[in-house]
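Summary of structural features
Okay, here's what each chain looks like letter by letter:
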Amino acid sequence: MKINIVKNIDELSLLAARKIIERVRKQPTTVLGLATGSTPLGTYYKLVQDYRDNKTSYKHVTTFNLDEYVGLTSADQNSYNYYMREHLFKSININPNQTFLPNGVGIDPAIECDKYEAKISESGGIDLQILGLGENGHIGFNEPGTSFSSRTHVVSLAESTREANSRYFNSLSDVPTKAITMGIETIMEAREVLLLVSGERKAKVLREVLEGTITEKVPATVLRNHSNITIIADEAAVKCLTKHCQISS
Ligand code: PGA
């Protein structure tokens, strides 16, 4: 596990974008796993800037997002489909047919989960998975208590997650109660993982992730079992770590 500690979210975004760009340039057919939320926004912005300035090509890249709300169409401004289009896809030369998110408006969400898993396998699996970290330790929408052997599945969102995400909606009652998320085992199968952690509100959970017991109660602790993971965290996020953990290894 490598830990890169950077000053702030700007530096985090720059470093994360550099790693993604390097990967895409080296392997133009890269399969990227993507995350939404506030943390990767700056990273996507840097990818767009680099595309404008340096023309890094995404023509042969395939992407799979971690999750999507059940019940929101891609036209809904709060859907992750909309988020990805607005913040990244529309501004780079990626083929929209090669960008995948779970379908939250299929007739049977459980069938959509199986289809998503099949699609990931068909694409040869995820090369590089970008992850954010929930304040409760979730990864994707895998809330505390999710089995480490879970595959893509339908979840009921924890109240704390709905509250955290309500800042994007008109009111808490507008936040969907269900989502489809890649499972923890699905995420762990990515050949490389890049975990982005920013801000003081993540400091306590990051300490649990790095120094606590590996437990399904804190889903992200499973990442310590991944053989190729890099964490980029800013100074505010590493505030609660002991010295030992702050040393890159
Ligand atoms: P955030 O969300 O990037 O908006 O903090 C991360 C997450 O909940 O996974």
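See the structure above.
Residues numbered from 1 in each chain as written. Predicted model: local features only at pLDDT ≥ 70, side-chain atom pairs only at ≥ 80, totals over all residues. Heavy atoms only, no water.

1. Considering the overall build of the protein
Within the protein, the secondary structure is distributed over eight helices and ten strands. The C-alpha atoms of the protein give a radius of gyration of 17 Å, which matches the 18 Å a tight globule of 249 residues would have. Summarising its shape, the C-alpha atoms of the protein cover approximately 50 × 45 × 35 Å along the three principal directions. Sorting the 249 residues of the protein into buried and exposed places 52% on the buried side. Summed over all atoms, the accessible surface of the protein reaches about 11,400 Å², with 49% contributed by carbon and sulfur. In the protein, which carries 28 positive and 29 negative side-chain charges, the distance between the mean positions of the two groups comes to 6 Å. (Helix = DSSP H or I, 4+ residues; strand = E, 2+ residues; numbered from the N terminus. Rg over C-alpha atoms; globule rule 2.2 N^0.38 Å. Buried < 20%, exposed > 50% of the residue type's maximum accessible area, 1.4 Å probe, protein only. Areas by Shrake-Rupley, 256 points an atom, 1.4 Å probe, with all protein chains shown as cover. Lys, Arg positive; Asp, Glu negative; His and termini not counted. Charge placed at Lys NZ, Arg CZ, Asp CG, Glu CD.)

2. Notes on the sheet that holds strand S7 (residues 153-156)
An order of S4-S8-S7 is seen for the three strands of this open sheet, with the pairing classed as antiparallel. Single-partner strands in this sheet number two, and they are strand S4 (67-69) and S7. Taken pair by pair, the neighbouring strands of this sheet meet at an average axis angle of 25°, ignoring direction. In the sheet, S4 pairs with strand S8 (residues 178-181) via three bridges, with the strands oriented antiparallel. Looking at S8, one finds that Glu 68 is bridged to Ile 180. Running at roughly 130° to S7, helix H4 (residues 109-122) makes contact with S7 and S8 of the sheet. (Pairing = 2+ DSSP bridges. Axes fitted to C-alpha atoms, helices over the stretch in contact; angles between N-to-C directions. Contact = heavy atoms within 4.5 Å.)

3. A closer look at the packing of helix H2 (residues 41-54) against helix H3 (residues 80-87)
Where H2 contacts H3, the axes come no closer than 10 Å and their chain directions differ by 40°. Considered as vectors, H2 and H3 are oriented oblique to each other. Contact residues: Leu 41, Tyr 44 and Val 48 in H2; Tyr 83, Met 84 and His 87 in H3. The residue makeup of the contact of H2 with H3, split by class, is five nonpolar, one polar and no charged. (Parallel < 35°, antiparallel > 145°, perpendicular 65-115°, else oblique. Nonpolar A, V, L, I, M, F, W, Y, C, P; charged D, E, K, R; others polar.)

4. Describing the nonpolar core
Ranked by internal contacts, the top residues of the largest apolar core, which has 36 residues, are Leu 34, Leu 47, Tyr 58, Met 84 and Leu 88. Put simply, the parts of the chain that give this core at least two residues each are helix H1 (9-26), strand S2 (31-34), H2, H3, strand S6 (128-131) and strand S9 (192-197). Element by element, the count of residues in this core is highest for H1, at six residues. Excluding residues within four positions of it along the chain, Leu 47 makes contact with Ala 17, Ile 20, Ile 21, Tyr 58, Leu 88 and Ile 92. Within the second largest apolar cluster, 34 residues are counted, among which are Leu 131, Val 205, Ala 237 and Leu 241. (Core = buried A, V, L, I, M, F, W, Y, C linked by side-chain atoms within 4.5 Å.)

5. Here we look at the packing of aromatic side chains
Here the distance between the centres and the angle between the planes together describe a pair of aromatic rings. Counted under the stated rule, the structure contains seven aromatic pairs. Each ring, one from Tyr 69 and one from Tyr 80, has its centre 4.9 Å from the other, and the planes form 35°; the classification is tilted. With Tyr 69 in strand S4 and Tyr 80 in helix H3, this pair connects stretches of sequence that are eleven residues apart. Neither Tyr 69 nor Tyr 80 differs from the other in exposure class; each is buried. Their ring planes at 85° and their centres at 5.7 Å tell us that Tyr 69 and Phe 169 sit as a pair that is edge-to-face. Within this pair, whereas Tyr 69 is found in strand S4, its partner Phe 169 is found in the loop between helix H5 (159-165) and S8, the two being separated by 100 residues in sequence. Members of the aromatic cluster, joined through ring pairs, are Tyr 69, Tyr 80, Phe 141 and Phe 169. (Phe/Tyr/Trp six-rings, centres within 6.5 Å; stacked < 30°, edge-to-face > 60°.)

6. Quick look at the site of the ligand
By nearness alone, every residue bordering the ligand is listed as Gly 37, Ser 38, Thr 39, Gly 132, Leu 133, Gly 134, His 138, Arg 167, Arg 201 and Lys 202. In the model, an oxygen atom of the ligand is placed 3.1 Å from a nitrogen or oxygen of the Arg 167 side chain. Surface burial for the ligand is 85%, taken as the share of its 280 Å² of free accessible area covered by protein chains. (Near = heavy atom within 4 Å. Polar contact = N/O pair within 3.5 Å; in protein donor to acceptor, adjacent residues only side chain to side chain.)

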